[in-house]
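# What the coordinates show
The lines below spell out each chain.
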Amino acid sequence: MPIYQIGPKRLVVGAHYGLKEWIIQRITAIVMVVFTVVLLIDYCVTGGTGYAAWSGLFSKQFMKLLTLLALLSLFYHAWIGIRDIWMDYIKPVSIRLGLQVLTVLYLVACAAYAVQILSKV
């Protein structure tokens, strides 16, 4: 066995998306937590659960942007998780690629629908 394959100096090859995707998933989780905290604070301050309270909250540009950021974070967070599941458990490349394409199309459609909903508020 050559010396470059042993210990911390070994030659590592591959896709290298472990750490980067892990960090991105943590960042998207923080964005979703911030969004949830903002919703909870608004609920505790206003106490409104009716249509008028929600409409008033989401009519503000800041809240629309925060909601869109939270939803895009959710979709990207889901993509990383589902992609990892497909890569770990679906071994035939053609089936895995098909599932990944369907997943991306679904998440993009969800994002487009979310933008459409937020633009109407």
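So, a few notes on the structure that sits alongside this text. (Residues numbered from 1 in each chain as written. Predicted model: local features only at pLDDT ≥ 70, side-chain atom pairs only at ≥ 80, totals over all residues. Heavy atoms only, no water.)

### Let's talk about the overall build of the chain
Across its full length, the chain carries four helices and zero strands. When its helices and strands are written in sequence order, the chain yields α-α-α-α. The buried share of the chain, reckoned over its 121 residues, is 23%. When the accessible surface of the chain is split by element, carbon and sulfur atoms take 74% of a total near 8,800 Å². (Helix = DSSP H or I, 4+ residues; strand = E, 2+ residues; numbered from the N terminus. Buried < 20%, exposed > 50% of the residue type's maximum accessible area, 1.4 Å probe, protein only. Areas by Shrake-Rupley, 256 points an atom, 1.4 Å probe, with all protein chains shown as cover.)

### Observations concerning the packing of aromatic side chains
Considering all chains together, one arrives at one aromatic pair under this definition. Ring centres 5.6 Å apart and planes at 10° place the aromatic pair W54 and F58 in the stacked group. With W54 and F58 both in helix α2 (residues 51-58) and four residues apart, this pair spans about one turn of that helix. Note on F58: relative accessible area 14%, which makes it buried. (Phe/Tyr/Trp six-rings, centres within 6.5 Å; stacked < 30°, edge-to-face > 60°.)

### Considerations on helix α4 (residues 93-120)
Taking 1.5 Å of rise per residue, 28 residues should cover 40 Å, and α4 covers 41 Å from first to last C-alpha, within 8% of that figure. What α4 keeps buried is the set R96, Q100, T103, L107, A111, A114 and L118. Residues of α4 that are buried sit in contact with α3 (61-89). (Expected span 1.5 Å × (residues − 1). Contact = heavy atoms within 4.5 Å.)

### Focus: the packing of helix α1 (residues 18-46) against α3
Between α1 and α3, whose axes approach to 9 Å, the crossing angle comes to 145°. In this structure, α1 meets α3 at a crossing whose hand is left-handed. Only M63, L66, T67, L69, A70, S73, L74, Y76, H77, I80, G81 and R83 of α3 make contact with α1, whose side of the interface consists of E21, I24, Q25, T28, A29, V31, M32, F35, V38 and L39. Classifying every residue of the contact of α1 with α3 by side-chain character gives 14 nonpolar, six polar and two charged. (Axes fitted to C-alpha atoms, helices over the stretch in contact; angles between N-to-C directions. Left-handed = near helix turned anticlockwise from the far one by under 90°. Nonpolar A, V, L, I, M, F, W, Y, C, P; charged D, E, K, R; others polar.)

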